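# Report on the structure
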Amino acid sequence: MSAANTAESADFRGPLDITRAATAVLDAESTVIGWSPAAAELLGYGPAEALGRPLSAFLSVHPVGGAPPVEIEAVAETDASGAPGTTGVPGTTATGIGPTSLVGNEIHVAHARDGRELLVATAMCPLPGGAADRGPGTPDRILVAAEVGELRHWESRLALLQGLATQSPVGLAIYDTDLRLTWCNTAYEREIGQPLAAFRGMRADELYGDGSFVTPGYPQTLDGVMHQVLDTGEPVLDLNFRAQQPSDPGRDHLWSCAYYRLEDAHGHVFGVCEDAFDITDRYRVQERLTLLVEAGRRIGTVLDVATTAEEIAEVAVPDFAATVRVDVTRAAVTGETAAVGSPADMSLLRVADRSEPGTATPDPALPDPDPGPGVRGTGPLDSEGAESGPPDAEGAESGPPDESGAASPGDDDRHPYPPVAYPPGSPQHRSLSSGGLVLDEGTLVVPLRAGGGILGLVTFDRGVGPDASGRPPAPDRATTFDNGEVALADELAARAAVCIDNARRYTRERTASLALQRQLLPHHLPPQSAVRTAYRYLPADDVTGVGGDWFDVIPLSGTRVGLVVGDVVGHGLQAAATMGRLRTSVRAFAQLDMPPDELLTRLDDLVGQPAEEPPGASGGAVETYDVTTGATCLYAVYDPVSRRCVMARAGHLPPAIVDPDGGVSFPDLPAGPPLGLGGLPFESMEFELPVGSLLALFTDGLVEAREHDIAHGLDTLGRVLGDRSASLEELCDRAVSELVPGGTSADDTALLLVRTRELDAERVAHWELNAEAVSVGRARELATGQLEAWGLDELVFATQLVVSELVTNAVRYAGGPLGLRLIRDRTLVCEVADTGHTSPHLRHSAEDDEGGRGLFIVAQLVQRWGTRYTPTGKTIWTEQALPPADEG
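As the structure is a computational prediction, the values presented were derived from the model and not from experiment.

### Some words on the overall build of the protein
Broken down by element type, the protein carries 22 helices and 34 strands. In the protein, buried positions account for 47% of the 888 residues. Counting only contacts in the protein whose residues sit at least 6 apart along the sequence, the fraction spanning at least 24 positions is 63%. With an accessible surface of roughly 41900 Å², the protein has 54% of that area assigned to carbon and sulfur atoms.

This is the structure we're talking about:
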């Protein structure tokens, strides 16, 4: 806008103001005796042409303001040429004449010098004195005229000022240079709650003493902002001012304010104007949207029911409620299906309770007298991936604790979520009964719904009662919930319910996965006389907690032990299921006392067989793939009597062997192909291990990572295992901490550490016998003498029968020489070796059979028995339980 236009728009003199209107002085006969320059400019007649002429020469005799609009247009909208459609004023027409605002003025048709006809509004002002005393040429009255368009434009500006003063919702106030109020509009009076006369002259800080600006970068007080505007002349816009409105005490309001300096026509400053618009409702809506955004960002960050409940409480306190309590059903915490029937009778657990400091809200919940089964031990599930056991001790094995999160006898005192029950009539009980929202004064109860069932309740409390010290709540705190806040609480609860339901599903799946892991992996290794063990298992899939790596320690006949570690391609449940099948197969083959190379051959044949699955068995919904082919395995057998270890591998990394002096080596075992590929045989290698040697069986996830290759990982593992002063548990921890920082890796990790032992000569007795009949009696005598020396007199009779039968069978059906060995371990082991390659079979003899009952009698006297084949023949072995005083 140009400076001229700005000055013109700031001129509030009316068009009929005598200082700017077209003015004519008339005598008593309506003869023009005075003519202003504005009149000359309007009609084009100079004073010489206008003076002395009658008024009718310039204006129509009769006003046209009272005529119908059509008639007025017919009269007025005619230019000098007779063409209709214009009033003679460029850019104006006669369609708007006759508004109510012009009723007080007469409208005439004015005749311009150039022939144009103009619609003008006129006003007549008589001069003092009687008309009878005035003759011709004596001033009698003054006529002022202005175009109708200009008058309408001026009156619209007046209407604007009138609307700002009386109808505008924006509060307007004018303060002088001392910042004292001099004027305000009706909206400002409503905010104060008094008429202007009651508070004129007061300072702004006196009217809003507790308020302050919250927009950063500006002074916080009203005085400071107004002084800044007065000093600089720079207006400020959209400053947010928070205070309690004098006409609405006890509730904070927020205004959007603007300030600009006021100057007179000569540039002298005489005050500052304040425009203030109450944006409290808009701000509260924005706050709710912000709270929803914050809820979307903070609720459901982890798949845990308790954490999600805490997150909704943290989001809502203190901005939305003074206290938030979250009660979740036991089914949701334990991962069971959400309850769909009898909601009022369901059992709830208090999983989150958060209050604003200094508030006290009554809790109607009562302790549940009958929490029911499965309540205790339902805390957050263990999310650690590493598994550790008790400190290593002589003769003890270590392993992973129970990670299922299920209850155990030792967990009875660790219940973190107390059960609660609500009395009938309470808002919570009514919400459970109806399944809907319940608003009771300052308490709002919202059910957590998901999947057609109720997962729990969220109670929002505004804290209408006094706090712990007896003080009433703050005056600016809302004591109830409006409709918008109820909708917001419903949305918060809906989002939390979805997250809690996801956490419940995750808990259920994880519990199933951990149960699968417990079934597939050894969670407790029984003590072995041959070795001491420690292990760690870290699945790459930390969601399900299971993977494709496995290990096992298998007790074999003759106090020997089988050691196995394997790796299945892939992660997750499918790899774990495949691993379970392979582990079961290995244990089954190992019980047949197969040597390592033969066991791997049988396992390879089993893996190479195509699965017999009918077409469409999976329903066509899931595309499955075979993760069995390509699995790797290492199997070793250690004999504590001979201290010999035989091992073979199928595509697996060789073990680490640490001698008693700390020397580390990785034996160059023949590398057989991974399982299922076939084509090449498996070969075994035999070692003699000194007492106290350390065997480390591991998968590639331990030594291979993105940051380094396998060679670096093997060097690090060898350096860690070379410390002879550390226990097996410490070695496990160090290996995992150095090779798998943080306990997570891209691949599953399994580590099995084995410290070898030797059975001393006092616990082993061995004799060589000839394959002749007299050897049976000799064998009984030798066995009896040894048992008496060991103090096992109770086992003499049974052992004599066992030895007699086994030696007799060897003499009759096999060849010599024969071997008889007794081992006193955790059981009494009796072994008879011969050169035959046929195994006796247990059968039921008929009444007329002369033989076949001996082996049946032996099977009744011993715990278990079996056949072990050797390169020179076979060995029949039995195990008998020791008397209670001699066990262990």
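### Things to note about the packing of aromatic side chains
The geometry of an aromatic ring pair is captured by the separation of the ring centres together with the interplanar angle, meaning the angle of the planes. According to the stated counting rule, one finds 11 aromatic pairs in the structure shown. Ring geometry for F213 against Y259: centres 6.2 Å apart, planes inclined by 75°, an arrangement best described as edge-to-face. Residue F213 is located in strand β8 (residues 212–213), and its partner Y259 is located in strand β10 (residues 248–263); the two are separated by 46 residues in the primary sequence. The exposure class assigned to F213 is buried, which follows from its relative accessible area of 4%. In this structure Y259 comes out as buried when scored by relative accessible area, which is 0%. Counting every residue linked through ring pairs, the aromatic cluster contains Y208, F213, F241, W255 and Y259. Cation over ring: R462 sits above F320, and NZ or CZ is 5.4 Å from the ring centre. Here the basic side chain of R462 rests over the ring of F481, its NZ or CZ set 4.0 Å away from the ring centre.

### Quick notes on the packing of helix α18 (residues 710–721) against helix α19 (residues 728–739)
Packing of α18 against α19 leaves a shortest axis separation of 9 Å and a crossing angle of 150°. Taken together, α18 and α19 sit at an angle that is classed as roughly antiparallel. The way α18 lies across α19 gives a crossing that is right-handed. Taking contact as the criterion, the partners of G713, T716, L717, R719, V720 and L721 in α18 are, on α19, L731, R734, A735, E738 and L739. Grouping the constituent residues of the contact of α18 with α19 by class yields six nonpolar, two polar and three charged.

### Some remarks on the pairing of strand β28 (residues 694–698)
For β28, a buried count of five out of five residues is recorded, marking the element as mostly surrounded by other parts of the structure. Inspection of the sheet shows strand β24 (residues 656–658) paired to β28 by three bridges, in the antiparallel sense. In the strand pairing of β28, I657 is matched with L695. In this sheet, strand β29 (residues 749–756) lies alongside β28 in antiparallel orientation, the contact comprising five bridges. For L695, the partnering residue across the bridge sits in β29 and is V754.

### Brief notes about the sheet that holds β24
Strand order across the open sheet formed by five strands is β19-β29-β28-β24-β25, with antiparallel pairing between neighbours. The outermost strands of the open sheet, each flanked by one partner alone, are β19 (531–538) and β25 (664–665). Pairing analysis gives two bridges linking β24 to β25, with the strands arranged antiparallel. In the strand pairing of β25, V658 is matched with V664. Along the sheet, α18 makes contact with β24, β25, β28 and β29, crossing β28 at roughly 145°. Seen against the sheet, α19 touches β19, β28 and β29 and runs at an angle of roughly 25° to β19.

### Concerning the environment of A885
With respect to the helices, strands and loops of the structure, A885 is situated in the segment after β34 (873–881). Residue A885 is classed as exposed on the basis of its relative accessible area, which comes to 78%. When the C-alpha positions of A885 and L792 are compared, they lie 9.9 Å apart, and in sequence the two are 93 residues distant.

### A word on helix α10 (residues 280–298)
Taking 1.5 Å as the rise per residue, α10 with 19 residues should run 27 Å; its terminal C-alpha atoms sit 26 Å apart, in good agreement. Listing the buried residues of α10 in full gives T280, R288, L291, L292 and A295. Angularly, the buried residues of α10 cover 130° about the axis, an arc narrow enough to put them on a single face. In α10, the exposed positions angled more than 90 degrees off the buried face are occupied by R282, V293 and R297. Phi turns positive, to about 85°, at G300, one or two residues after α10.

### Comments concerning empty space enclosed by the protein
All told, the structure shown has two cavities of 30 Å³ or more when counted by the stated rule. The wall of the largest cavity is formed by 14 residues, among which W35, L43, L59, L143 and A145 lie closest to the centre. At the level of elements, β1 (22–26), α2 (37–43) and β5 (141–147) are the ones that each hand at least two residues to the lining of the largest cavity. Looking at the lining of the largest cavity, its residues break down into 13 nonpolar, one polar and no charged. Roughly 60 Å³ of volume is contained in the second largest cavity.

### Describing the pairing of β34
In summary, the side chains of a regular strand alternate between the two faces of the sheet. Within β34, eight of the nine residues are buried, which leaves it mostly tucked inside the rest of the structure. Both strand β32 (residues 827–834) and β34 contribute to a ladder of eight bridges, which runs antiparallel. Paired with D834 across the strands is K874, a residue of β34. The pairing of strand β33 (residues 864–870) with β34 spans seven bridges and is classified as antiparallel. For W865, the partnering residue across the bridge sits in β34 and is T878. Here β33 folds back onto β34, and the loop between the two strands holds two residues.

### Considering the pattern of salt bridges
Evaluated as defined, the whole model comprises 38 salt bridges. Across the pair E314 and R298 runs a salt bridge whose closest N-O atoms are separated by 3.5 Å. Of the two residues, E314 is situated in helix α11 (residues 305–316) and R298 in helix α10; the sequence distance between them amounts to 16 residues. Linking E598 and R602 is a salt bridge whose minimum nitrogen-to-oxygen distance equals 3.4 Å. Here R602 and E598 lie together in helix α16 (residues 596–608), a separation of four residues that amounts to about one turn. Residue classification places E598 among the partly exposed positions, given a relative accessible area of 32%. Accessibility expressed as a relative area gives 38% for R602, which makes it partly exposed. Each of the salt bridges in this network shares a partner with another, and the network as a whole consists of E294, R297, R298, E314 and R354.

### Comments concerning a nonpolar patch on the surface
Among the surface-exposed residues, F797, L801, L842, F856, I857 and L861 lie close enough to one another that they form a single nonpolar patch of about 530 Å² accessible area. Sorting elements by how many residues they give to the nonpolar patch places helix α22 (residues 854–861) first, with three residues. Here L842 is to be found in the loop between β32 and α22. Judged by relative accessible area, which is 43%, L842 ranks as partly exposed.

### Quick notes on the sheet that holds β32
Ordered by their spatial adjacency, five strands build an open sheet running β30-β31-β32-β34-β33, and the pairing between neighbours is antiparallel. One side of each edge strand has no neighbouring strand; the edge strands of this open sheet are β30 (764–769) and β33. Taking the axes of each pair of neighbouring strands and ignoring which way they run, one obtains an average angle of 15° across the sheet.

### Here we look at the confidence of the model for the protein
Chain-level pLDDT for the protein is 80 on average; 80% of the residues reach the 70-or-more range. Here residues 1–7 scores under 50 on pLDDT; set against residues more than four positions off or in separate chains, the count is two contacts. Predicted confidence is poor over residues 614–625, with pLDDT under 50, and the contacts of this stretch with residues over four places away or in other chains come to three contacts.

Rules and cut-offs
Residues numbered from 1 in each chain as written. Predicted model: local features only at pLDDT ≥ 70, side-chain atom pairs only at ≥ 80, totals over all residues. Heavy atoms only, no water. Helix = DSSP H or I, 4+ residues; strand = E, 2+ residues; numbered from the N terminus. Buried < 20%, exposed > 50% of the residue type's maximum accessible area, 1.4 Å probe, protein only. Contact = heavy atoms within 4.5 Å. Areas by Shrake-Rupley, 256 points an atom, 1.4 Å probe, with all protein chains shown as cover. Phe/Tyr/Trp six-rings, centres within 6.5 Å; stacked < 30°, edge-to-face > 60°. Lys NZ or Arg CZ within 6 Å of the ring centre and 35° of its normal. Axes fitted to C-alpha atoms, helices over the stretch in contact; angles between N-to-C directions. Parallel < 35°, antiparallel > 145°, perpendicular 65-115°, else oblique. Left-handed = near helix turned anticlockwise from the far one by under 90°. Nonpolar A, V, L, I, M, F, W, Y, C, P; charged D, E, K, R; others polar. Pairing = 2+ DSSP bridges. Expected span 1.5 Å × (residues − 1). Arc of directions from axis to C-beta. 1 Å grid on protein atoms, 1.4 Å probe; cavity = no way out; pocket = protein on both sides within 12 Å on 5 of 7 lines; lining within 4 Å. Points joined across faces, edges and corners; volume = space filled by probe spheres on them. Salt bridge = Lys/Arg side-chain N within 4 Å of Asp/Glu carboxyl O. Patch = residues over 30% accessible without salt bridge, like charges linked within 9 Å, V, L, I, M, F, W, Y side chains within 5 Å. pLDDT = per-residue confidence, 0-100.

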